[in-house]
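Notes for the structure review
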Amino acid sequence: MDVPRCGGLTPEDGMIISRTPFRLSFFGGGTDYPGWYRKHGGAVLGATIDKYSYITCRYLPPFFEHRFCVMYSKTEYCQTVDEISHPAVREVLRFLKIDRGLEIHHDADLPARSGMGSSSAFTVGLLHAMYALTGRMAGKQQLALESVHLEQEILRETVGSQDQVHAAYGGLNHVTFVPNGDISVRPVTIAPERMRELNAHLMLFYTGIKRTASNVADTYVTEIDSRRRQLRLMKDLVDESISILNSRHDLTSFGELLHEAWQAKRSLSATVSNPEVDELYDCALSAGAIGGKLTGAGGGGFMLLFVPPERQELVRASLTNLIHVPFRFEFSGSQILFADTEQEYRKEEEAQARQPLRRFRELDAGLAAGFAPVGVHSLNRGIV
């Protein structure tokens, strides 16, 4: 796909910072797996929140023995793209045919492997940052579709197609997946007061249980057609939930739908929930929550609860050993926050590739002690 040049950026831009939001999936999760929607179609309702993945990148100046530095929970120093261990970083650089040395740094507001779409936010944000670094402007649709392609076709991960869309577009969206592979994104337009009311009824807690989404998803996606009863119900709840948001009715029924959807999702596989999660959820219901769910494929991570504002202190007290994460909806999607220029070293890099420079080394301390600047010796002799 051809990408237009970005008017404010040039290939000589030195440093880029992208910011990409995490998401909450309300309804329809599971129907966004291509193994399902390529046959039956799918739909989800989800929103992004003001918790983000940040990618900082720049071309690496030629003063280092390595050509690539990739910093996340680990730090990698590599000479070639093929040596990079982080699969998403390696494949994004291959996909964009990046041939220059880079430094890439990742930070995030929430932990990885926690059900908030962090891996897709990382992929979308990295793609966005690399396009900007090379002076190209990628639109939201392109970022979403290329991230889906990278994760599903190149990395071969068992992931759906909603997280990439939410991360790229931002906002509260009704996303539909067509059997021919098309993806449609429709913002859910409700009054600002209604949006604030929905936000005020939601609570987010971190269970502290880390898991890998694709491992959980593998337990039900491989035989997804056998779960058609649950998935059809989960898809139907998408339209019903949007009708509630667009009505003037009390939002309690939205919370009741969350509970119904969670019960359906739990039945997909024994790994979607576990006794610890069930106990936490039951505790929240007893304290006044109307409904809720784990925010991702299941197994752990973050738990989203629908709680009337007047009962939220009781729910927080009942889950006192969990981290409560206040949040607000956000509507911007992936953004380039910062772009600054630095000295351009392309010619030096090309020259170094043709003829490697002298190897960098530490000065030997003993050797250094035997020499002093000529002027110093002369001055000392003069004083004597």
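In the block above lies the structure referred to throughout.
If you're wondering where the values come from, they're calculated on a predicted model, not measured in any experiment.

**A word on a negative patch on the surface**
A surface patch of like charges, here negative, comprises Asp236, Asp239, Glu240 and Glu260. Of the residues forming the negative patch, the biggest block, three residues, is contributed by helix H8 (residues 228-246). Tracing the chain through its elements places glutamate 240 in helix H8. A relative accessible area of 41% places glutamate 240 in the partly exposed class.

**Observations concerning the nonpolar core**
Core analysis: the largest hydrophobic core is formed by 102 residues, its most contacted members being Phe26, Phe27, Leu45, Leu93, Met130 and Phe254. Residues within four places of leucine 93 in sequence aside, it is in contact with Phe68, Val81, Ile84, Ile98, Leu102, Ile104 and Met130.

**Notes on the side chain of serine 147**
Position of serine 147 among the secondary structure elements: in helix H4 (residues 140-154). In this structure, serine 147 is in contact with Thr123, Val124, Leu127 and Gln164, ignoring residues within four places of it in sequence.

**A look at the sheet that holds strand E9 (residues 291-294)**
What links the strands of a sheet is backbone hydrogen bonding, and the strands pair in either a parallel or an antiparallel sense. Reading across from one edge, E9-E10-E8-E11 is the order of the four strands in this open sheet, with antiparallel pairing throughout. Taken across any chain shown, the strands that pair with only one partner, and hence form the sheet edges, are E9 and strand E11 (323-324). Both strand E8 (residues 202-206) and E11 contribute to a ladder of two bridges, which runs antiparallel. Bridging from a neighbouring strand, tyrosine 206 pairs with isoleucine 323 of E11.

**Some points on the pattern of salt bridges**
By the definition in use, this model includes 11 salt bridges. Arginine 316 is the partner of glutamate 313 in a salt bridge, and the nearest nitrogen-oxygen pair spans 2.6 Å. Residue glutamate 313 and its partner arginine 316 are located together in helix H11 (residues 312-318), separated by three residues, close to a single helical turn. Looking at glutamate 313, the relative accessible area reads 57%, which means it is exposed. Residue classification places arginine 316 among the partly exposed residues on the basis of a relative accessible area of 27%. Taken together, the shared-partner salt bridges connect Asp82, Arg90, Glu91 and Arg94 into one network.

**What about the packing of aromatic side chains?**
Within the structure shown, the criterion is met by eight aromatic pairs. The rings of Phe26, Phe27, Phe254 and Phe306 are connected pair by pair, giving a single aromatic cluster. Of note, arginine 19 hangs over the ring of tyrosine 52, and the distance from its end group to the ring centre comes to 4.1 Å. Over the ring of tyrosine 59 we find arginine 100, and its NZ or CZ is 3.8 Å from the ring centre.

**Quick notes on the environment of glutamate 65**
Summarising the element assignment, glutamate 65 is placed in the loop between strand E2 (42-59) and strand E3 (68-71). Residues glutamate 65 and glutamine 79, spaced 14 residues apart in sequence, show a C-alpha to C-alpha distance of 8.2 Å.

**Concerning helix H5 (residues 162-169)**
Summarising burial for H5: seven of the eight residues are buried, a large majority. Within H5, burial applies to Gln162, Asp163, Gln164, Val165, His166, Ala167 and Ala168.

**Brief notes about the environment of threonine 320**
Considering the arrangement of structural elements, one finds threonine 320 in the loop between H11 and E11. Between the C-alpha atoms of threonine 320 and phenylalanine 205, which are 115 residues apart in sequence, the distance is 10.0 Å.

**What about helix H6 (residues 192-200)?**
Along H6, the residues classified as buried are Arg194, Met195, Leu198 and Asn199. The arc that holds the buried residues of H6, viewed along the axis, is 140°, so those residues lie on one side. Residues of H6 that are exposed and point over 90 degrees away from its buried face: Pro192 and Arg196. At its buried positions, H6 is contacted by strand E6 (172-177), E8, H8, helix H9 (252-266), strand E10 (302-306) and strand E12 (329-330).

**Let's talk about the pairing of strand E4 (residues 75-78)**
Burial of the side chains of E4 is restricted to one face: Glu76 and Cys78 are buried, whereas none of Thr75 and Tyr77 on the reverse face is. Sheet topology places E3 next to E4; four bridges connect them, and they run antiparallel. Its bridge partner being in E4, methionine 71 is matched across the sheet by threonine 75. Connecting E3 to the antiparallel partner E4 that follows it, the hairpin turn spans three residues.

**Regarding the packing of H9 against helix H10 (residues 275-287)**
Running from N to C, H9 and H10 point in directions that differ by 165°, and their axes come no closer than 14 Å. Considered as vectors, H9 and H10 are oriented roughly antiparallel to each other. Between H9 and H10 the crossing geometry is left-handed. Residue-level contacts link His259, Trp262, Gln263 and Arg266 of H9 to Val277, Asp278, Tyr281 and Leu285 of H10. Among the residues making up the contact of H9 with H10, the classes are represented as four nonpolar, two polar and two charged.

Rules used throughout
Positions within a chain are numbered from 1, following the residues in the order the chain's sequence is written. Local features in a predicted model are, by the rule used here, given only for residues with pLDDT of at least 70; side-chain atom pairs are given and counted only at 80 or more, and totals for whole chains, interfaces and linings are based on all residues. Only hydrogens and water are removed before side-chain values are computed, so all heavy atoms of the structure are retained for them. Only residues above 30% relative accessible area that lack a salt bridge enter a patch, with like-charged residues linked at up to 9 Å and the nonpolar side chains Val, Leu, Ile, Met, Phe, Trp and Tyr linked at up to 5 Å. Accessibility throughout is a Shrake-Rupley quantity obtained with a 1.4 Å probe, and a residue counts as covered only by protein chains that appear here. Whenever a carboxyl oxygen of Asp or Glu lies within 4 Å of a side-chain nitrogen of Lys or Arg, that contact is scored as a salt bridge. A residue counts as positive if it is Lys or Arg and as negative if it is Asp or Glu; His and the chain ends are not included. One atom stands in for each charge, and that atom is NZ of Lys, CZ of Arg, CG of Asp or CD of Glu. The helix and strand labels rest on DSSP assignments: H or I over at least four residues marks a helix, E over at least two residues marks a strand, and numbering proceeds from the N terminus. Only protein chains enter the calculation, and the probe is 1.4 Å; a residue is then buried if its accessible area is under 20% of its type maximum, exposed if over 50%, and partly exposed in between. By nonpolar core is meant a set of buried Ala, Val, Leu, Ile, Met, Phe, Trp, Tyr and Cys residues that side-chain atoms within 4.5 Å join together. Whether two residues are in contact is decided by their heavy atoms: any pair within 4.5 Å suffices. What makes two strands pair is DSSP finding at least two bridges between them. Any pair of Phe, Tyr and Trp rings, taking the six-membered ring for Trp, is counted once the centres come within 6.5 Å. Such a pair is stacked with planes under 30 degrees apart, edge-to-face with planes over 60 apart, and tilted for the rest. Only when the NZ atom of a Lys or the CZ atom of an Arg is both within 6 Å of the ring centre and within 35 degrees of the ring normal do we say a charge sits over the ring. As used here, the arc belongs to the directions running from the helix axis to the C-beta atoms. Between N-to-C directions, angles span 0 to 180 degrees; the directions come from axes that are lines fitted to C-alpha atoms, helices contributing only their stretch in contact. For this classification, under 35 degrees means roughly parallel, over 145 means roughly antiparallel, 65 to 115 means roughly perpendicular, and everything else is oblique. Working rule for handedness: look at the near helix, and if it is turned counterclockwise from the far one by less than a right angle, call the crossing left-handed; if clockwise, right-handed. When residues are sorted by character, Ala, Val, Leu, Ile, Met, Phe, Trp, Tyr, Cys and Pro go into the nonpolar class, Asp, Glu, Lys and Arg into the charged class, and all the rest, Gly among them, into the polar class.

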